[in-house]
Structures are given as C-alpha cells and as structure tokens.
Amino acid sequence: MKLDAKIPAGSLEDKWRKYRSTVNLVAPNNKRRIEVIVVGTGLAGASAAASLGELGYHVKAFTFHDSPRRAHSIAAQGGINAAKNYSNDGDSVYRLFYDTVKGGDYRSREANVYRLAEVSVDIIDQCVAQGVPFAREYGGLLENRSFGGVQVSRTFYARGQTGQQLLIGAYQSLSRQISLGTVEMFNRHEMLDLVLIDGKARGIIARNLVTGKLERHAAHAVILATGGYGNVYYLSTNAMNCNVTAAWRAVQRGAMMANPCFTQIHPTCIPVSGAYQSKLTLMSESLRNDGRVWVPKKKEDVEGIRQGTLSPVDIKEEDRDYYLERRYPAFGNLVPRDVASRAAKQVCDDGFGVNKSGLAVYLDFASAIERYGKSQAHQQGLDSSDKNLVRKLGEKVVEQKYGNLFEMYEKITGTNPYKSPMMIYPAVHYTMGGLWVDYNLETNVPGLFALGECNFSDHGANRLGASALMQGLADGYFVIPYTIGPFLSGEIRTPAIKTDAPEFEEAENATRARLEKLMSIGGSRSVESFHRELGLIMWDYCGMSRNAEGLNTARQKIRALREEYWKDVFVPGSMDDYNPELEKAARVADFMELGELMIVDALNRNESCGGHFREEYQTPEGEALRDDANYTYVSVWDWKGDADPQLYKEELKFENIELKTRSYK
Amino acid sequence: MKLTLKIWRQKSAQTKGAFESYQVDANEHMSFLEMLDVLNEGLVEKRQEPVAFEHDCREGICGTCNLVINGRPHGPLPGTTTCQLHMRHFKEGETIVIEPYRAQAFPVIKDLVVDRSPLDRIIQSGGFISVNTGQAPDGNAIPIEKDVASRAFDAAACIGCGACVAACPNGSAMLFTSAKVSHLALLPQGEVEHNRRVVSMVHQMDKEGFGMCSNIKACEVECPKEISVTNIARMNRQYFSAMIGSDEK
Ligand SMILES: Cc1cc2nc3c(=O)[nH]c(=O)nc-3n(C[C@H](O)[C@H](O)[C@H](O)COP(=O)(O)OP(=O)(O)OC[C@H]3O[C@@H](n4cnc5c(N)ncnc54)[C@H](O)[C@@H]3O)c2cc1C
Ligand code: SF4
Ligand code: FES
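What counts and what doesn't
- Residues numbered from 1 in each chain as written.
- Chains lettered and ligands numbered in written order.
- Predicted model: local features only at pLDDT ≥ 70, side-chain atom pairs only at ≥ 80, totals over all residues.
- Heavy atoms only, no water.
- Near = heavy atom within 4 Å.
- Polar contact = N/O pair within 3.5 Å; in protein donor to acceptor, adjacent residues only side chain to side chain.
- Areas by Shrake-Rupley, 256 points an atom, 1.4 Å probe, with all protein chains shown as cover.
- Helix = DSSP H or I, 4+ residues; strand = E, 2+ residues; numbered from the N terminus.
- Nonpolar A, V, L, I, M, F, W, Y, C, P; charged D, E, K, R; others polar.
- Domains from an automatic or database assignment.
- Contact = heavy atoms within 4.5 Å.
- Buried area = accessible area lost by both parts, 1.4 Å probe.
- Salt bridge = Lys/Arg side-chain N within 4 Å of Asp/Glu carboxyl O.
- Core = buried A, V, L, I, M, F, W, Y, C linked by side-chain atoms within 4.5 Å.
- Buried < 20%, exposed > 50% of the residue type's maximum accessible area, 1.4 Å probe, protein only.
- Pairing = 2+ DSSP bridges.
- Axes fitted to C-alpha atoms, helices over the stretch in contact; angles between N-to-C directions.
- Phe/Tyr/Trp six-rings, centres within 6.5 Å; stacked < 30°, edge-to-face > 60°.
- Lys NZ or Arg CZ within 6 Å of the ring centre and 35° of its normal.

**Student:** Summarise the site of ligand 1; cite the residues concerned and give the values.
**Tutor:** Residue and element names in this part refer to chain A. Around ligand 1 sit 37 residues, and of these S73, G78, M191, E453 and L469 come closest. Between ligand 1 and the protein, one listed contact pairs an oxygen atom with a backbone N or O atom of L43 at 3.2 Å. Between an oxygen atom of ligand 1 and a main-chain N or O atom of L469, the distance comes to 2.8 Å. Alone, ligand 1 offers 1000 Å² of accessible surface; in the complex the protein occludes 98% of this. Looking at the shell around ligand 1, the elements with two or more residues in it are α3 (43–55), β7 (189–197), β16 (422–431) and α13 (468–483). For the shell around ligand 1, the element with the highest residue contribution is β7, accounting for three residues. Of the residues contributing to the shell around ligand 1, the split by class is 16 nonpolar, 18 polar and three charged.

**Student:** How would you sum up the site of ligand 2? Please name residues and give values.
**Tutor:** Residues and elements named next belong to chain B. Near ligand 2 you find C158, I159, G160, C161, G162, A163, C164, L175, F176, C223, P224 and I227, and these make up its full shell. Mapped onto the shell around ligand 2, the elements with two or more residues apiece are α4 (163–167) and α5 (174–186). A class-by-class count of the residues in the shell around ligand 2 yields 10 nonpolar, two polar and no charged.

**Student:** Got a sec to walk through the domain arrangement of chain A? Specific residues and values, please.
**Tutor:** All names here are of chain A. The domain boundaries assigned to chain A delineate domain 1 (267–428) and domain 2 (505–626). Look at where the C-alpha atoms of domain 1 and domain 2 centre, and you get two points 33 Å apart. Domain 1 puts 11 residues into the contact, and the matching count from domain 2 is 11 residues. Between domain 1 and domain 2 the total buried area reaches about 830 Å² when both faces are included, carbon and sulfur atoms providing 54% of it. Three residues, D338, R342 and K345, lead the burial of domain 1 against domain 2; their summed loss comes to 49% of the area buried on that side. Applying the counting criterion to the domain 1 and domain 2 interface returns one salt bridge. With a closest N to O distance of 3.1 Å, E623 and R327 form a salt bridge. Summed over the shared surface of domain 1 and domain 2, the result is three residue pairs in polar contact (both at pLDDT 80 or more). Contributions of two or more residues to the side of domain 1 that touches domain 2 are made by α10 (337–349) and β16. Per-element accounting of the side of domain 1 that touches domain 2 gives the leading share, five residues, to α10. Here the residues of the side of domain 1 that touches domain 2 are counted per class, giving five nonpolar, two polar and four charged.

**Student:** Can you tell me about the nonpolar core, naming the residues and giving the values?
**Tutor:** Residue and element names in this part refer to chain A. Counting 240 residues, the largest nonpolar core has I80, F134, I484 and Y565 as the members making the most contacts within it. The greatest single-element share of this core, amounting to 14 residues, is contributed by helix α18 (residues 580–604). Not counting residues up to four positions away in its chain, the partners in contact with I484 are V36, L52, Y57, A221, I223 and F449.

**Student:** Can you lay out the sheet that holds β7(A) for me, pointing to particular residues and giving the numbers?
**Tutor:** All names here are of chain A. Across the sheet, three strands lie side by side as β7-β8-β9; this open sheet has antiparallel pairing. Since the sheet does not close on itself, it has two edges, and those belong to β7 and β9 (214–218), each with one partner. Strand-to-strand twist of the sheet, defined as the mean angle between neighbouring strand axes without regard to direction, takes the value 25°. Of the pairings in the sheet, the one linking strand β8 (residues 200–208) to β9 comprises five bridges and is antiparallel in character. Paired with I204 across the bridge in β9 is H217. Against the sheet, helix α15 (residues 502–521) contacts β7, β8 and β9, and its axis sits at roughly 140° relative to β7.

**Student:** Hey, could you go over the interface of chain B and chain A for me, with residue numbers and the actual values?
**Tutor:** Listed as interface residues are 73 residues of chain B and, on the opposing side, 77 residues of chain A. Summed over both sides, the interface of chain B with chain A buries roughly 6200 Å², with 50% coming from carbon and sulfur. Counting the surface chain B buries against chain A, the share from its top three residues, D56(B), E59(B) and F153(B), is 12%. Between D577(A) and K110(B) there is a salt bridge, and its shortest N-O distance comes to 3.4 Å. The interface formed by chain B and chain A contains 48 residue pairs in polar contact (both at pLDDT 80 or more). Of all the secondary structure elements, the ones that give two or more residues to the side of chain B that touches chain A are α1 (32–45), β6 (108–110), β7 (113–114), α2 (117–124), α3 (146–156) and α5 of chain B. It is α3(B) that provides the largest number of residues to the side of chain B that touches chain A, a total of six residues. Considering only residue class, the side of chain B that touches chain A consists of 30 nonpolar, 23 polar and 20 charged.

**Student:** Let's hear about the domain arrangement of chain B: which residues, and what values?
**Tutor:** All names here are of chain B. In terms of domain boundaries, chain B breaks down into domain 1 (2–110) and domain 2 (117–243). Between domain 1 and domain 2, the contact holds 19 residues from the first and 19 residues from the second. At the boundary of domain 1 with domain 2, total buried surface from both sides reaches about 1300 Å², with 60% on carbon and sulfur atoms. Taken as a group, P73, A105 and F106 account for 34% of the area that domain 1 buries against domain 2, more than any other trio of residues on that side. Applying the counting rule to domain 1 against domain 2 returns one salt bridge. For the salt bridge of R72 with E222, the shortest nitrogen-to-oxygen distance reads 3.0 Å. Scanning the region where domain 1 abuts domain 2 turns up four residue pairs in polar contact (both at pLDDT 80 or more).

**Student:** So what's going on with the packing of aromatic side chains? Which residues, and what values?
**Tutor:** All names here are of chain A. Within the structure shown, the criterion is met by 29 aromatic pairs over all chains. With a centroid separation of 4.9 Å and an interplanar angle of 65°, the aromatic rings of F365 and F406 are classed as edge-to-face. Separated by 41 residues along the polypeptide, F365 in the loop between β15 (361–364) and α11 (366–379) and F406 in helix α12 (residues 387–413) bring together distant segments of the chain. One aromatic cluster is present, formed by W16, Y19, Y439 and Y482 through successive ring pairs. If you follow R145 out to its NZ or CZ, it ends over the ring of Y157, 3.7 Å from the centre.

**Student:** Report on α2(B), specifying residues and quantitative values.
**Tutor:** In terms of burial, α2(B) is a largely internal element, seven of the eight residues being buried. Buried within α2(B) we find S117(B), P118(B), L119(B), D120(B), I122(B), I123(B) and Q124(B). Buried residues along α2(B) sit in contact with α6 (162–180) of chain A together with α5 and α7 (194–207) of chain B.

Rendered as structure tokens:
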C-alpha cells in the first residue's frame with residue numbers, strides 16, 4: 001500500500017490558502033442530507049461537531065461521558081498557544097511553526113504544522129467571541145505567558161483552568177447546535193466498533209452504557225476525536241476513563257497507527273505515593289516560568305531530607321544543584337518537556353532524589369516570591385528590605401498566577417508549597433502517536449477521519465506545552481470543515497446509509513461475541529490488577545528511556561500477560577446493565593495489544609528523538625542522538641493480530657527547515 | 001485506618017435501594033475515591049459486584065464525581081470535590097455514610113450514579129453566545145476590564161457537578177443556572193442576547209422539575225467551586241427586567 005499524505009503543492013505559505021479556495025465543497029442543500037458521526041466531545045470533537053452542524057451537516061455526536069462537557073480536555077491547565085504576537089516579542093506564524101517542528105525533534109510534517117500555526121490566531125478570536133474569560137492586562141487586552149521550548153510569550157490562558165474554559169466554550173457552541181437540531185447528541189454511548197461498507201467508514205457500533213444495549217449508527221463519514229492513550233501506562237495524568245478503544249477498533253478494521261511509541265512524559269507531576277494510587281496529577285508547565293528545579297548537591301543532605309532531619313529550606317544556596325539552569329543556560333528551567341524529564345530521571349538515578357522512594361526533585365518558588373515581592377513593595381512605595389512584607393506581597397502575586405495549582409498540590413500532599421518547595425517527578429502525560437492521517441486528517445480508511453490527540457499529526461516526537469489545545473481546536477473549528485469536503489463532495493448522491501446492511505450485522509455480532517467472551521471467562525483476577533501490571537511493564541521498559549534488550553523482554557511479557565488476561569480475568573455484573581467493570585475490561589483488552597505495538601515501534605526506531613530515548617543512541621553528555629539519514633520518516637503500522645505488524649514508511653521532507661541537532665544550551 | 005462504610009446500593013432506577021455496610025482498610029494518604037477503589041477491588045476478588053460510582057479527572061475539574069458523604073455533597077471540606085478529598089480528614093474507626101445525590105430531577109441510574117442530563121438541557125436552552133465558527137472579530141477588538149473578566153471567570157468556574165441541587169432542600173438548580181447566566185452576561189460578547197438567554201434558561205429549569213429557590217443558601221456552602229449566591233440575585237434581577245421588557249411572557 002502506498003501512503004499519500006496529500007500535501008498540496010505550492011510554497012509553504014500558499015498551501016493552505018490555495019487549498020481552501022480550491023477544495024471541493026458540498027452545497028447547502030446537499031449538506032442537509034449528509035450525515036456525519038463524530039465520536040468524542042473533547043476540544044477536537046466538540047468543536048468539529050459544532051462547526052459541521054453550523055455548516056448544515058446532520059451530525060451525530062457520541063461520548064461515553066454523561067455529558068459532553070466532561071471530556072478529558074477539561075483538565076488542561078496551562079494554556080493555548082497562538083501566533084498573535086500581541087506581546088510584540090518577535091512572534092510570527094513562521095516562528096510558531098519553526099518552534100513546533102524543532103520541539104518535535106524534526107519528526108513532524110511541515111505542511112500540517114504550518115497550517116496549525118496559521119489557524120492558531122483564529123482560535124483565540126473564536127474563543128473570545130464565545131465568552132472564554134482569558135486572562136487580561138489592566139488595559140483590558142489579552143495577557144500572555146511563556147511555555148517550555150520557546151523564547152516568546154504566546155500562551156493565552158484562563159487562570160490554571162484553560163482547558164476547562166475552552167471546552168466550555170466549545171460545549172456551549174455544541175449545545176447551541178443541539179438545540180437547533182443539527183447535532184444529535186448521544187451521551188453515555190461508547191463506540192465499540194467501526195463499520196465499513198465497500199471499504200468506506202459508514203458507521204459505528206455503540207454500547208448504551210446505561211442499558212447495555214448495542215446500537216447501530218450509520219453516517220456518510222465517521223470522525224474520531226477520542227483522545228490519547230496515555231493510560232496504557234496505568235498511571236498517567238490522563239483522566240481515569242481515557243482509553244484507546246475507538247482508535248484501536250478502527251485499527252482492527254484496517255486503519256493504521258503512526259509513531260505509537262512517541263509518548264510524552266511530563267516533568268512536573270506530583271510523585272507516586274503508594275501502590276493504591278489510581279492516577280497522577282500534573283502541576284502545569286506554566287509553573288516553570290517562575291519555579292526553579294533543583295536537588296541537593298551533597299548526598300548527606302539528600303539523606304537528611306529523606307530521613308526527615310533536614311528540610312529543603314535549610315539547604316544553603318551554594319549546596320543546591322539547579323541542574324536545568326546549569327546544563328541548559330539558554331533555556332534554563334524552560335527547556336522542553338522531554339529534556340526536563342530525562343534530566344530529572346538522571347539526577348534521581350544518580351541518587352539525588354528527595355523523597356523516600358528517591359523519585360522526586362524540587363520545584364521551588366522562593367526566588368520568585370522574593371522577586372515579585374520586592375517589585376510590589378517598590379511599586380507601592382513600601383519598604384523592600386522588610387523580609388516578611390516582601391514575602392507576603394510576593395506570595396500574593398504567586399497566588400494570583402498559580403493559586404489553584406498550589407491549592408491542588410496542598411490538597412493532595414498535605415504540604416504548603418508557599419512555605420516549602422513542591423516535590424515533583426515526571427509522569428506519562430500525552431501521546432504524540434496516533435492514527436495516521438493525511439493532510440485532510442483522513443486515515444487510510446476512506447471516510448474515516450481522526451482529530452485531536454487521537455491522530456499523530458502535528459507534534460512529531462515531542463509536543464510543546466500549550467500546543468495540544470491549539471491542535472484540537474484547530475482541527476475541529478478550522479481544518480475539518482474544509483478537509484472533509486473532498487470526501488463528502490463525492491458522496492452527495494449516496495442515499496442515507498442503512499443500518500440493516502450485513503456489515504452492521506457482522507460488526508454488531510462481533511462486538512457482542514467479544515463482550516460475551518469477557519463476561520464468560522470468570523477467572524480469578526480483576527481487570528484493575530491486569531491493567532496495573534501492564535502499566536508497570538510499559539513504564540519500566542517503554543517509558544522515559546528504552547533499550548533493545550528491555551523492549552524485547554517487554555514484548556514477551558506483554559504477550560504472556562495478554563494470554564493470561566483472556567484466560568483469567570473476572571468481570572462481575574451483567575452485559576445488559578450499567579457495568580463499569582465491563583467497560584474497563586474491553587478497554588484494557590485493547591491496551592494490551594496497543595502496548596505491544598508501541599514496543600515494536602520503539603524497537604524499530606534505532607535512534608533517540610524527542611520523547612523516544614533509546615539508551616544505545618546518546619551523545620557523551622547524555623543528550624538524544626537522532627539518526628536523520630535513516631529515520632526521517634513516520635512509522636505507520638498495520639496491526640496483524642498475533643502475526644508481526646507490518647511497517648510502512650512515510651518519508652518526511654523538510655523543504656523549509658534545516659535539520660539540526662536540537663540544542664537548548 | 002479501619003473504616004466502616006454504609007453505602008447506598010440500588011440496582012437501577014426501577015428498583016428500590018438500601019444501605020449496606022462494608023469494612024475497608026485505608027490509609028491517610030489515599031484519596032476518598034482511591035479508598036473506594038480498594039473496597040471495589042476487594043469486592044471483585046470476592047466475586048461480588050463493585051459499588052458503581054462516577055469519576056474521571058480525579059483533579060476536581062471535570063465535575064463527574066458526586067458523592068454525598070455523611071450527608072454532605074462532596075463531603076466535609078469547603079471548596080473541595082469528592083475526588084480531592086483525602087482520607088487524612090477522617091478518623092480511625094469512623095463510620096462513613098455514602099449516598100447518591102437525592103433530587104427529583106436526578107434519578108438514580110445505579111448505586112451512587114445519577115442522571116444529571118437536565119443540566120445539559122438548561123445550557124442547550126440558551127447558555128451560549130450565538131456565534132458561528134469563523135465569524136469572530138480580533139480577540140483584542142473589545143478590551144474587557146481585568147476585574148470584569150475576573151468576575152466572569154469566577155462564575156464560569158462552575159464544573160456542572162450538581163452538588164448545589166443536591167444540597168438544596170427544594171432541589172433547585174438556581175446556583176448552576178445563575179452561574180452560567182452571570183458568566184455570559186458580564187462579558188460584552190454575551191450581553192447582547194442576555195434577555196433572551198435568561199428567560200429561556202429559567203423556563204427550562206422549571207420544566208426539568210427543579211425546585212424553587214427560597215434563599216436557604218445551602219448551595220453556596222456545598223459548591224466545590226465556591227460559586228457565590230450573588231449570581232442568583234443577579235439572575236433574578238435580569239429575569240425580571242427581561243420579563244417586563246419582553247413580549248414572550
Ligand atoms: C492534566 C493535563 C493537563 C494538560 N494541559 C494542557 C495545556 O495546558 N495545554 C495544552 O495544549 N494541552 C494540555 N494537555 C493536553 C490536552 O489536554 C489534550 O491533549 C487534549 O485536551 C485532547 O483533546 P481531544 O479533544 O483530542 O480529546 P479528549 O478531550 O480526551 O476527548 C476525548 C473524547 O472522546 C470520547 N471518547 C473516547 N473514546 C470513546 C469511545 N470509544 N466512544 C465514545 N466516546 C469516546 C470521550 O468521551 C471524550 O469526549 C493536558 C493534558 C493533561 C492530561
Ligand atoms: S454551581 Fe457549584 S455545585 Fe452547582 S454545579 Fe456548579 S460547581 Fe457544582
Ligand atoms: S472526578 Fe473530576 S471533579 Fe472529581
């Protein structure tokens with residue numbers, strides 16, 4: 001099979017503009033007769049469903065949540081990027097494009113990323129018009145801050161709840177279309193299979209999670225906006241119910257996964273506290289604007305801290321190793337996530353971790369509090385040598401900027417981060433890999449589109465902070481309404497798809513058989529225990545650093561675990577009822593296969609790039625060593641069940657950016 | 001720490017429910033939901049059906065978790081969702097009563113899971129700004145006073161959890177609805193259609209079977225996002241002025 005990315009001809013700057021003015025459209029009278037299924041109502045899905053509804057398509061939107069507003073996007077904290085250059089600090093569409101390609105370690109598609117940077121500016125306008133209460137300056141204009149891996153301030157934010165406010169904006173637009181009847185909303189419905197007719201995506205099988213009934217839903221095209229698969233690691237910053245099932249069911253029907261091993265490990269999360277732990281909590285990257293990362297220089301201080309005889313505030317300035325500032329003076333604490341995470345792992349592996357498990361470093365706000373406090377005292381004409389006063393004023397500024405994050409930290413850990421530095425450690429956060437899509441965001445299955453985190457498209461081997469929200473909304477509001485045109489304009493004569501087609505029958509039966517099988521095993525172990533074990537294998541061998549030997553071991557382990565799963569899992573309750581255990585069981589079954597594919601992908605990529613760090617390929621200083629001559633391609637995998645998956649390569653051509661060793665020094 | 005849990009079990013909306021008692025061994029670092037995970041894993045091991053409860057983000061932002069703990073929606077702490085509540089706030093040997101929201105408009109689906117879709121329908125009735133994708137002017141075209149944006153944010157912080165309804169003896173959804181009305185009405189973008197919005201949302205609220213507001217203010221006390229009852233006053237004012245000025249009486 002030949003993979004065609006369908007990148008339009010012309011210069012980088014012209015591609016999208018020309019595409020938009022020449023792409024085939026569907027006339028309004030035809031739109032009314034065309035049905036589109038959108039699975040997922042996160043930023044990508046809600047914005048797509050609303051925009052397609054506005055255009056006049058008949059949309060059916062699905063979510064397994066009880067309301068579209070609960071999608072995992074709601075939890076995004078830090079912000080959303082846009083090349084507005086409101087800060088007048090030299091930002092531009094080109095710079096955002098460049099930063100994203102470089103940040104992704106040169107493993108993304110130029111044309112897609114450029115388009116993303118171009119539409120980023122429209123997103124902010126749209127969100128403001130919807131009533132998103134972004135942070136503002138005293139003059140009433142929008143305020144920006146910085147995120148990692150860049151040297152401009154282009155991140156728009158709404159306190160520490162940017163994702164919530166953006167999703168509520170999209171949800172409200174979606175709600176408006178629901179009230180107008182253009183979008184039909186199916187809450188508490190989980191897609192469990194994709195239906196293909198004559199090779200085209202024509203519908204889904206969904207389980208009504210309240211009644212347990214399997215339902216058939218047909219449409220002219222299917223859009224998946226079902227989020228990322230970080231929960232394959234069991235512990236991650238993702239919401240508990242995030243899963244890969246929709247995408248993986250599509251893979252079973254012939255769609256292909258691209259770069260599945262590209263996982264983002266976020267450097268600033270609250271460390272694991274015990275075996276019962278169900279998830280990890282992110283402390284937003286925005287904190288690295290003001291927080292300084294360090295560990296003690298001396299082992300005896302580390303010991304003292306672990307034993308509780310020393311407190312971090314007792315450790316003198318000269319006895320602290322601000323290792324990011326030391327190693328990466330140009331970017332300091334704001335190096336990209338992959339770099340910051342690996343550096344934290346290294347100091348902890350060297351024995352400098354500051355909690356009992358040795359897996360934590362400090363994120364310290366004392367200098368920021370002092371700096372802000374002094375500046376406030378100065379502004380208000382107060383005594384800037386009064387330490388207590390300065391502290392109080394400084395804490396107030398920090399509270400305004402990060403109050404909810406500090407509060408969240410204190411709720412979870414029981415310690416006050418204004419008084420003592422936060423303890424943080426890297427955790428699984430985001431998956432750059434996903435369904436392979438072309439420039440139209442269409443998978444290799446005609447009529448099947450993938451949006452948001454569930455596709456692989458824009459972030460290469462590492463995503464920059466505040467770019468996922470941008471991508472989700474770009475895909476949904478500004479890209480798919482155009483790029484679905486080429487497919488749907490060929491379908492205007494296709495009558496409504498009927499759910500009594502044999503393909504629906506087959507898919508429904510297959511889904512039922514799969515669920516029946518899970519229910520009938522009646523083994524001795526809980527789904528949760530299997531998921532936890534799978535997560536540990538993935539984290540140990542396919543996590544922050546990987547090597548061939550470990551990956552081979554992991555593949556064997558996962559295969560064995562999968563076999564055991566299908567023999568020994570126990571799913572209580574009934575199929576014809578509300579049954580969260582059954583939902584989980586079907587999702588974990590899919591994670592077990594995806595995990596293996598991630599390992600195969602990591603094994604194939606004999607280089608280190610972005611979040612993918614192969615120990616065999618590093619510089620003497622321990623930095624990632626890319627191999628552009630042999631690996632400047634997207635790995636696109638055709639899953640073949642128990643046989644080896646087949647690899648297709650989409651070569652990446654860089655015509656506008658010169659490939660360089662990524663340096664943040 | 002050893003705890004006794006009295007948990008409401010109910011098979012479906014059609015069947016009657018009852019409390020059942022369980023023993024669980026927790027530790028103080030666990031979150032409340034992790035404590036329930038431990039209970040559930042134990043039940044599964046004993047081949048019994050686990051307790052159904054809803055949750056997702058476990059960070060206090062998605063609004064999915066919704067337990068009534070010892071009679072209080074989201075438990076004893078102010079400004080805290082169930083998922084953010086940690087076991088260090090409970091005592092060794094304590095008995096904890098866990099129930100679903102009790103409100104006419106929120107029927108039980110199973111055990112501790114209720115149907116909160118009426119809240120979605122209130123938003124669908126008008127809780128939005130009518131702007132299509134691509135119609136927006138530049139984001140900085142209309143400056144908004146920092147303080148105004150900040151107040152709009154305070155109202156927009158509502159997570160749609162429905163605790164305000166569960167807390168209210170009348171089962172009223174005034175706090176939820178007024179938070180949305182305020183968020184949008186405070187901003188210049190939303191002000192344009194605020195008359196239509198407030199009338200339509202209030203009517204939908206009544207249609208869904210939510211009770212009247214009689215100024216008890218339990219909603220504000222239990223709201224995990226500390227949404228203020230001043231929003232209710234604002235909504236009432238806007239509603240009356242819209243009704244006087246409108247012809248859709
Ligand atoms: C804690 C945290 C903080 C973050 N902060 C930021 C940030 O500050 N800036 C940034 O840019 N990015 C951030 N991210 C990343 C970003 O939030 C996500 O990548 C993004 O929101 C994903 O959006 P989405 O629309 O693709 O998917 P999601 O929001 O995950 O939505 C998926 C949707 O699909 C539905 N679904 C899935 N499977 C099925 C199925 N089988 N059947 C039916 N429905 C299904 C779900 O119900 C849901 O509606 C953060 C991520 C985390 C974990
Ligand atoms: S107002 Fe408060 S209690 Fe009510 S739904 Fe919103 S966040 Fe929950
Ligand atoms: S689980 Fe999301 S708010 Fe509690």
